[in-house]
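Residue strings, one per chain:
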Amino acid sequence: MRMETDLNSYIVSYINSKTKAAPLVVFRILFGLVMCFSMIRFWLNGWIEELYINPSFLFKYDGFEWVQVLGNGTYLLFFICGLSALFVAIGFKYRIAITVFFLSFLYIELLDKTNYLNHYYFISVVSFILIWLPAHCNSSIDSSRNPIIKASYISRWQIDILKLMLAIVYIYAGLAKLNYDWMIRAMPLTIWLPTKVHIPIIGALLDQKWMHYAFSWGGAIYDLSIVFFLLWKRTRGAAFMLVIMFHVLTAVLFPIGMFPYIMIFSTLIFFSSSLHANVLQSISRALPSALVYIDNGKSYMSKNNKLFLIFLGVFMMFQVALPLRYLTHDGNVFWHERGYRYAWRVMLMEKTGYANFRIVDTVSQKRFYVRNDDFLTARQEKEMATQPDFILQYAKYLGKHFSSQGHKNLAVYVESYVSLNGRKSQPFVNPEVNLINVDYTTLCNNFLIPLDE
Amino acid sequence: MRSVATNLVICSLVILMSISCGGDDQSSELQDTFNRKAMLQDWSDLMIIPAFDSYLDQVVALRDRKNDFYNGGTLAGLEAMRSAYLSAYREWHAVSIFDIGEAEAVGLRNFTNIFPSNIEEINNNIESSDYNLALPSNFDAQGYPALDYLLYGQGLDDLALLSRLQEENYKTYINDLIDRLYDLTNGVVTNWENGYRDAFVENDGSSATASVDKLVNDFLFYYEKFLRAGKIGIPAGIFSGTPIATSAEIPYADIYSKEFFLLGLSAVEDFFNGVSYDNSTVGTSLKQYLEHIANENQSENIAPLINAQFQSARILASDLNPSLQQQVLDDNSKMLLTYDELQKAVVLMKVDMLQALNIQVDFVDADGD
């Protein structure tokens, strides 16, 4: 009974405890700027056209088939997304801006599963969380126009929730590395690193077996422990140097775009609120007056605070549970990929595949093969050939396509082979199964041929 | 605990330092590093450049025999032109794979060997004298397939053909076709000679735009699209359900079609195994690269499996009629058997080889994770 009261009072005092708003404000500014830059970069690289406008067929997420490419309007969508990110950075109409950013970014991600990346998912989740946080309470146009919301203190949980999100990312990424291929075979780094020997300075060592193990084990230990070293004040500075070194190294070695930089700026949230406040104040002279950080000693007041806390609490429980759903499926998750996404499995496997679709007229027994590049881009074909849900979706599309061309009583089969983490290629989908009859949600057991380890 | 973290950082720094300083004195231990640059050098110096040089010679010879023919107008001149045509067409198979640099930029293959050709389009062009061979719509109205129709396919006896070809419109068209082959090829050769060779070799990294990744993709594209599908699969009806004999390569001088398939297969085998253009040496190759990786990782070496697959396709092809068109009409099942053997190598190369060598198939250099 006594302990229960202690716990209750601890929770109550935690919920009511305040801290300086500066870390959240810094996070908002950097998040907005980096997102705006990402959108511009995506545009200038020509990826809007290549990844979204050019493909004739897009792999939709279940339930989001209604999400359509808007033709040249897709550019407008990216413009809105980038502009709202800039508004987030300067704190202009913040709640609307971050909501628009979240929705437009999510819409872009929902256009084609092919382009799923964990760091895009991370951005979606973080921007969703930011909708419910008062990140505009200082150093923002909003707070300079409307002094009522100007505050230099917020609830402690409003910063801790972002730390929790980062902890989920790192720890699940670390746990995912604790598997036979990564730890014992040093795969897939054994495949990836030797092709980087042309890189200056460290290149010469990347062909060495011990380096593959050092990177594998080092990566796993880093992911599993870094959050704890960042949380503890005495190790924080050193841990942040490690964060920079680790992510810069991955940026040099792998084509992972903005992800390293997003993680580096995100981990700044672990630094003390007074440090953030000091930094903001020391750069205030360089900022336009509306964006200056003012320590007015007031706490941010909102009658919705508790409601948002409960809502986000449930959301975070969902975030903790979601990566574990693969446990409900038998077999190797790298092979069947059920529960693979949204689980922080980052740079974890090398999977190469080939899928050759056979269309059979079941009455005349006439048969022919499909040229995948008639329908898919090289990038889509690559992703499709290794992911069962893509194969099924594409097979059904092919069935419809050829039926509409006047073929009747069609069956669609696939001869597919996949190589996982350096194993010799193996048959993937059962070539005897007519894919038109397979329902992914209630998969018949013989759809995939199990991995022979 | 502070010391633990500090040690961690110091350790990492020490590792980085030792790595950066260790480059020179450790190089003797690092002999087993596979050198992508050496492979690029051998590809360009032993294969690509000599093959293009020799091909250009054949195109020049074709142009010369064509000029001789139009100067003399004799049957012997026609025969000499036809024979130069076949030699150049044969030699084309040694360079078709190398669709990179200038060849890729100008679309060399699209303007050289797209078949079946469009007879109606060719006749229209000749009649109207109004055409632009640089347009993609004219891919199938030029190159060797168009010349196959003009020199072998008009259903005329030699004397009638002799006078037909000397009609002004025909003369202009044939001149234009052969000049175009020459101009495009000459541009590619000049480009290799003037700087592209070094740019190609220097781009020795590993990304979608690195030379190794690009050329291996070109190689696989050639194998899948032009050798497996173009020469065997499409005429055998793999993608249509019913055989299309007329879509075979060189349908008029059709007795050369199997030879051309075998030339394409040889070019593929030579590239894979690093055999120099003049057959005198063996350079650094994909085969060696696969051996190296298998050795390093103690995994199965798939290079022999790939070569065995080429070999069994060759054996099955030996049973085919010299005219693949005829073979499709007589007994298409033999075409299908050859196709199946070619297909098995696709899986070995596109799945196992690409994985082992970590070659990117995605031409969009977008982000991954």
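The rules we used
Residues numbered from 1 in each chain as written. Chains lettered and ligands numbered in written order. Predicted model: local features only at pLDDT ≥ 70, side-chain atom pairs only at ≥ 80, totals over all residues. Heavy atoms only, no water. Domains from an automatic or database assignment. Contact = heavy atoms within 4.5 Å. Buried area = accessible area lost by both parts, 1.4 Å probe. Salt bridge = Lys/Arg side-chain N within 4 Å of Asp/Glu carboxyl O. Polar contact = N/O pair within 3.5 Å; in protein donor to acceptor, adjacent residues only side chain to side chain. Helix = DSSP H or I, 4+ residues; strand = E, 2+ residues; numbered from the N terminus. Buried < 20%, exposed > 50% of the residue type's maximum accessible area, 1.4 Å probe, protein only. Expected span 1.5 Å × (residues − 1). Bend = angle between axes of the 7 residues up to and from the residue. Patch = residues over 30% accessible without salt bridge, like charges linked within 9 Å, V, L, I, M, F, W, Y side chains within 5 Å. Areas by Shrake-Rupley, 256 points an atom, 1.4 Å probe, with all protein chains shown as cover. Axes fitted to C-alpha atoms, helices over the stretch in contact; angles between N-to-C directions. Parallel < 35°, antiparallel > 145°, perpendicular 65-115°, else oblique. Nonpolar A, V, L, I, M, F, W, Y, C, P; charged D, E, K, R; others polar. 1 Å grid on protein atoms, 1.4 Å probe; cavity = no way out; pocket = protein on both sides within 12 Å on 5 of 7 lines; lining within 4 Å. Points joined across faces, edges and corners; volume = space filled by probe spheres on them. Pairing = 2+ DSSP bridges. pLDDT = per-residue confidence, 0-100.

### Considering the domain arrangement of chain B
Residue and element names in this part refer to chain B. Once the domains are mapped, chain B shows domain 1 (35-204) and domain 2 (205-369). Taken together, the contact between domain 1 and domain 2 spans 37 residues of the former and 47 residues of the latter. Taken over both partners, the interface formed by domain 1 and domain 2 buries close to 3500 Å², and the fraction arising from carbon and sulfur atoms is 65%. On the domain 1 side of the contact with domain 2, Arg36, His93 and Ile97 bury the most area, a combined 22% of that side's loss. Summed over the shared surface of domain 1 and domain 2, the number is 3 salt bridges. In this structure, Arg36 and Asp213 form a salt bridge, with 3.2 Å as the shortest nitrogen-oxygen distance. One can count 18 residue pairs in polar contact (both at pLDDT 80 or more) joining domain 1 with domain 2. When contributions to the side of domain 1 that touches domain 2 are tallied by element, the ones reaching two or more residues are α2 (36-72), α3 (75-92) and α7 (143-152).

### Brief notes about the pattern of salt bridges
The full count for this structure, using the stated rule, is 31 salt bridges over all chains. Note that Arg341(A) is salt-bridged to Asp389(A), the shortest N-O span being 2.8 Å. Of this pair, Arg341(A) sits in the loop between α16 (333-336) and β3 (351-361) while Asp389(A) sits in helix α18 (residues 388-404), and the two are 48 residues apart along the sequence. Pair check on accessibility: Arg341(A) and Asp389(A) agree, each one buried. Between Arg65(B) and Asp68(B) there is a salt bridge, with the nearest N and O atoms lying 3.1 Å from each other. Here Arg65(B) and its partner Asp68(B) are both found in helix α2, 3 residues apart, which amounts to about one turn of the helix. Three or more residues are tied together by salt bridges with common partners; here these are Asp181(A), Arg185(A), Arg423(A) and Glu453(A).

### A few points about the interface of chain B and chain A
In this assembly, 56 residues from chain B lie in contact with 63 residues from chain A. Overall, the association of chain B and chain A removes approximately 4900 Å² of surface from exposure, summing both partners, and the carbon and sulfur fraction of that is 60%. Connecting chain B to chain A are 1 salt bridge. Between Lys225(B) and Asp373(A) there is a salt bridge, with its nearest N and O atoms 2.9 Å apart. Linking chain B with chain A are 12 residue pairs in polar contact (both at pLDDT 80 or more). Of all the elements in the fold, those that place two or more residues in the side of chain B that touches chain A are α1 (2-22), α10 (211-233), α12 (286-297) and α14 (324-357) of chain B.

### Focus on helix α9 (residues 168-202) of chain B
Each turn of an α-helix holds 3.6 residues, which means side chains three or four residues apart point in the same direction. Its 35 residues give α9(B) an end-to-end C-alpha distance of 49 Å, which sits within 8% of 51 Å, the value for a rise of 1.5 Å per residue. Along α9(B), the sharpest kink reaches roughly 70°, centred on Gly195(B).

### So, a nonpolar patch on the surface
All names here are of chain A. Together, Leu33, Ile40, Trp43, Leu44, Leu76, Phe79, Ile80, Leu83, Leu86, Ile96 and Val100 give the surface a local cluster of nonpolar side chains, amounting to about 1000 Å² of exposed area. Residue assignment for the nonpolar patch shows that the elements contributing at least two residues are α2 (22-44), α4 (73-90) and α5 (94-110). Counting residues per element, the nonpolar patch draws most heavily on α4, at 5 residues. You can see Phe79 is positioned in helix α4.

### Some words on the packing of helix α11 (residues 257-273) of chain B against helix α13 (residues 303-317) of chain B
All names here are of chain B. Across the interface, α11 lies against α13 with an axial gap of 11 Å and an inter-helix angle of 170°. Accordingly, the angle class assigned to the pair α11 and α13 is roughly antiparallel. Taken together, the residues of α13 that come into contact with α11 (itself represented by Lys258, Phe261, Leu262, Leu265, Ser266, Val268, Glu269, Phe272 and Asn273) are Ala303, Ile306, Asn307, Phe310, Gln311, Arg314 and Ala317. Considering only residue class, the contact of α11 with α13 consists of 9 nonpolar, 4 polar and 3 charged.

### A few points about empty space enclosed by the protein
Tallied over the full model, the rule gives 5 cavities of 30 Å³ or more. For the lining of the largest cavity, the leading source of residues is α2(A), giving 5 residues. Its residues assigned to classes, the lining of the largest cavity comprises 11 nonpolar, 2 polar and 3 charged. Contributing to the lining of the second largest cavity are Thr190(A), Pro194(A), Asp207(A), Lys209(A), His212(A), His292(B), Ile293(B), Glu296(B) and Asn297(B). Only α11 (209-231) of chain A together with α12 of chain B provide two or more residues apiece to the lining of the second largest cavity.

### Overview of the sheet that holds strand β4 (residues 367-369) of chain A
Residue and element names in this part refer to chain A. Strand order across the open sheet formed by 4 strands is β4-β3-β5-β6, with antiparallel pairing between neighbours. Two strands close off the open sheet at either side, each with one partner strand: β4 and β6 (426-427). As judged from the 2 bridges shared by strand β5 (residues 410-420) and β6, these two strands associate in the antiparallel manner. Counterpart to Val418 in the pairing with β6 is Gln426.

### Looking at the confidence of the model for chain A
Across chain A, the average pLDDT comes to 94, with 98% of residues at 70 or higher. By mean pLDDT, the top-scoring element of chain A is α5(A) (98), and the lowest-scoring one is helix α1 (residues 2-16) of chain A (85).

### Describing the pairing of β5(A)
Residues and elements named next belong to chain A. Within β5, 9 of the 11 residues are buried, leaving the element largely enclosed by the surrounding structure. Relative to β5, β3 runs antiparallel, the two being bridged by 11 bridges. The partner of Ile359 across the bridge, within β5, is Val412. Two successive antiparallel strands, β5 and β6, enclose a turn made up of 5 residues, where Asn421 displays a positive phi of approximately 50°.

### A short note on the environment of Phe226(B)
Residue and element names in this part refer to chain B. With respect to the helices and strands, Phe226 occurs in helix α10. For Phe226, a relative accessible area of 18% puts it in the buried group. Placed 129 residues apart in sequence, Phe226 and Ile97 show a C-alpha to C-alpha distance of 9.2 Å. Not counting the four nearest positions on each side in its chain, Phe226 is found in contact with Arg109, Phe221 and Lys231.

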